[in-house]
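This is what each chain is made of:
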Amino acid sequence: MALKDLLVHIDSSPSCPGRLDLAINLAQSHDTHLTGLYVIGLAPIHQFAEADLGPELIEAHDHYIRQAAEDAASMFASHVERAGLAAEWRCVEGNVSDLVALNARYADFTILGQRNPERLDPGTAPELPGIIILDVGRPVLLVPHQGSFEAIGKRVLVAWNASRGAARAVNDALPILQRADQVLILAVNPMSGITGHGDIPGADIALHLSRHGVNAEAEEIDVEKVSIGDMLLSRAADFEADLLVTGAFGRSRLRELVLGGVTRYLLGHMTIPVLMSR
């Protein structure tokens, strides 16, 4: 599978320009179409709240969020022009998470920013990126809100637990893994048996990837006192990985998100970009 269609979520957060540069670099290296999506989040105002706020305050807020969208469009245009990339700009109005999910279903990858719990900038939503990971049915590339990550995919750590989610993530990541200089497949606390990892944890998936031209090695680690999420990030740092590939675990019921412990930990503590699939 080749990457042909990338979607990057644009918002008004300070980390967004760096996320866009990563998306541009990925689009250029894979010769693929890039779309920047900005959602003007419009929430209905109850008539009683409208009476309390007054028309002036409501008008000022509307001007603020629309000006933020215009500023984001200018930022997007300047970055893609500087890179010499022809890219598509898309600005829509409505519920942020719903519209990001809708557009993400028509892209090979969707590139999102990590949620910053200390900020809620225009174009963002508190339920992002969790709801997209669980509901969209496409791989999501998450970029930390701190740090610089213009390029990814040279050294990749794959978190492998022989599950459906891990298998899906590895398959979705193939276009990147095939271009990587080195891929490390890490099995943490692997289980044996027919529903586990086989005789040698990680060996089967490493062999499968080798048939796709991926230079991969397998490694297993047993830990007791350290969380799996913390171990993954620690090993990624030791390996000098620029990307972590992992399955996402959880479920969505009546718009309530229930994320697995490792997934939730990585969303809150990621130190490098993470490609998640479910």
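Just above sits the structure.
Each chain has its residues counted from 1, running along the sequence as written. Local features are withheld for residues below a pLDDT of 70 in this predicted model, meaning they are given only at 70 or higher, and side-chain atom pairs are given and counted only at 80 or more; totals for whole chains, interfaces and linings count all residues. As a convention, hydrogens and water are excluded, and side-chain values are obtained from all of the structure's heavy atoms.

A. Looking closely at the pairing of strand β2 (residues 33-41). Partly exposed residues are those whose accessible area sits between 20% and 50% of the maximum for their type, while under 20% is buried and over 50% is exposed, using a 1.4 Å probe and protein chains only. A run of H or I in DSSP becomes a helix once it reaches four residues, and a run of E becomes a strand once it reaches two; helices and strands are each numbered from the N terminus. With respect to burial, β2 is a largely interior element, seven of its nine residues being buried. If DSSP finds at least two bridges between two strands, the strands pair. Bridge count for strand β1 (residues 5-9) against β2 is five bridges, and the pairing is parallel. Counted as the bridge partner of H9 is L37 from β2. Handedness of the crossover joining β1 and β2 through helix α1 (residues 16-30) is recorded here as right-handed. Pairing of β2 with strand β3 (residues 88-94), which is carried by seven bridges, proceeds in the parallel orientation. Looking at β3, one finds that V39 is bridged to V92. Think of it like this: strands point away, you trace from the first strand over the helix to the second, and a clockwise trace means the crossover is right-handed.

B. Just the sheet that holds strand β5 (residues 140-143), in detail. Strands sit in the order β3-β2-β1-β4-β5-β12-β9-β6-β7-β8 across an open sheet of ten strands; the sheet is mixed. Each edge of the open sheet is held by one strand with a lone partner, namely β3 and β8 (216-221). Adjacent strand axes in the sheet meet at a mean angle of 25° when their direction is disregarded. As defined by bridge partners, β5 adjoins strand β12 (residues 274-277) across three bridges and the pair is classed as antiparallel. Its bridge partner lying in β12, L142 is registered against V274. Contacts from helix α4 (residues 96-104) reach β1, β2, β3 and β4 (109-113) within the one sheet, and its direction differs from that of β2 by about 160°. Axis definition: a line fitted to C-alpha atoms, over the contacting stretch in the case of helices. Angles run 0 to 180 degrees between N-to-C directions. Should any heavy atoms of two residues lie within 4.5 Å, those residues are considered in contact.

C. Layout of the nonpolar core. Here the nonpolar core consists of buried residues drawn from Ala, Val, Leu, Ile, Met, Phe, Trp, Tyr and Cys, with membership extended through side-chain atoms lying within 4.5 Å. Among the nonpolar cores identified, the biggest contains 48 residues, and I10, V156 and L177 are the most heavily contacted of them. In this structure, L157, A159, L186 and M276 belong to the second largest nonpolar core, which totals 39 residues.

D. Up close: α4. When you tally the buried positions in α4, you get seven out of nine residues, the bulk of the element. Considered for burial, the residues of α4 that qualify are V96, S97, L99, V100, A101, N103 and A104. Against the buried residues of α4 lie β1, β2, β3, β4 and α5 (130-135).

E. Quick look at the pattern of salt bridges. Between Lys or Arg on one side and Asp or Glu on the other, a salt bridge is scored when a side-chain nitrogen of the former is within 4 Å of a carboxyl oxygen of the latter. The full count for this structure, using the stated rule, is seven salt bridges. Of the charged contacts in the structure, one is a salt bridge between R19 and D11, with a shortest N-O distance of 3.3 Å. Residues R19 and D11 agree in their burial class; the two are buried. One salt bridge in this structure joins R90 and E88, with 2.8 Å as the shortest N-O distance. Judged by relative accessible area, which is 26%, R90 ranks as partly exposed. One continuous salt-bridge network, built from bridges that share partners, spans D62, R66 and E93.

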